[in-house]
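# Examining the three-dimensional arrangement
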Amino acid sequence: MIKFLNPSGVVKPFSKYSQVADVAGNHRWVHISGQVGATPEGKLLEGFEEQARQTWHNIIGCLDAADMDVGDIVKVNQFLTRTADIPASREIRDEMMDGHAPASTLLIVAGLAHPALLVEIEVIAAKAEGGKAAKAASAEKAPATAAPKADPKGKAKR
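Right, let's walk through the structure included here. Only a predicted model underlies this, so the values are computations on that prediction, with no experimental measurement involved. (Residues numbered from 1 in each chain as written. Predicted model: local features only at pLDDT ≥ 70, side-chain atom pairs only at ≥ 80, totals over all residues. Heavy atoms only, no water.)

## Section: the overall build of the chain
A tally of regular secondary structure across the chain gives 3 helices and 6 strands. For the chain, the α and β elements follow one another from N to C terminus as β-β-β-α-β-α-β-β-α. By the burial criterion, 41% of the 158 residues in the chain qualify as buried. Carbon and sulfur atoms form 54% of the exposed surface of the chain, whose accessible area is close to 8,600 Å². (Helix = DSSP H or I, 4+ residues; strand = E, 2+ residues; numbered from the N terminus. Buried < 20%, exposed > 50% of the residue type's maximum accessible area, 1.4 Å probe, protein only. Areas by Shrake-Rupley, 256 points an atom, 1.4 Å probe, with all protein chains shown as cover.)

## Observations regarding the side chain of Gln 51
One can find Gln 51 in helix α1 (residues 48-65). A residue is classified by how much of its surface remains accessible, and Gln 51, at 2% relative accessible area, is buried. Gln 51 has contacts with Gly 37, Leu 44, Leu 45, Ala 116, Leu 117, Leu 118 and Val 119, leaving out every residue within four places of it along the chain. (Contact = heavy atoms within 4.5 Å.)

## With respect to the pattern of salt bridges
In the structure shown here, the tally under the stated rule is 4 salt bridges. Here Asp 85 makes a salt bridge to Arg 82, at a shortest N to O gap of 2.8 Å. Asp 85 sits in the buried class, given a relative accessible area of 8%. Taking relative accessible area as the criterion, Arg 82 reaches 37% and is therefore assigned partly exposed. Here Asp 94 and Arg 93 are joined by a salt bridge, their closest N and O atoms 3.1 Å apart. Asp 94 gets classed as partly exposed once you look at its relative accessible area, which sits at 29%. (Salt bridge = Lys/Arg side-chain N within 4 Å of Asp/Glu carboxyl O.)

## A short note on a negative patch on the surface
Residues Glu 46, Glu 49, Glu 50 and Glu 91 make up a contiguous surface patch of negative charge. Along the chain, Glu 46 turns up in the loop between β3 (27-36) and α1. (Patch = residues over 30% accessible without salt bridge, like charges linked within 9 Å, V, L, I, M, F, W, Y side chains within 5 Å. Lys, Arg positive; Asp, Glu negative; His and termini not counted. Charge placed at Lys NZ, Arg CZ, Asp CG, Glu CD.)

## A look at the pairing of strand β5 (residues 103-108)
Bridge analysis of strand β4 (residues 73-80) against β5 gives 6 bridges, and the strand direction is parallel. Looking across to β5, one finds that Lys 75 is bridged to Ala 103. After leaving β4, the chain enters helix α2 (residues 86-97) and then returns to the sheet as β5, a path that is right-handed. (Pairing = 2+ DSSP bridges. Right-handed = clockwise from strand over helix to strand, strands pointing away.)

## Examining the environment of Gly 71
Residue position: Gly 71 is located in the loop between α1 and β4. According to the relative accessible area criterion, Gly 71 is buried, its value standing at 6%. Taking C-alpha positions, Gly 71 is 8.7 Å from Ala 101, a pair spaced 30 residues apart along the chain.

What follows is the structure, encoded as structure tokens:
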């Protein structure tokens, strides 16, 4: 079971994320390398919003390949090159996460691997071993916190 917590003894999150992701029991862990705003064909998109949306589409594709979805994400690390992009980054993240609020870190960095990159995001996900039966059993024990799988056009499916 995965619990997302915001303890009363620490500062409240500045946007939609959790201070703690507590993963108990037998879970399969997936670490996704930093994804950037390049299409599967290798085309780097221009502008922050385009890069950020493509970055999330790439993350969702990686999760899908691991038989996971955004609801399985327990930690997000975001790297931006411009402070001015923070509001758009939060808005796009919230849209793509469709209410799911894993632990999160946001850093402003001097640069990324290519000078045209404006955003890079890496995630860690965990899924209960045993497939759908294990996930259904853990859902009965705790309130649902997982978001449904997002489609490639952006919004999460319900």
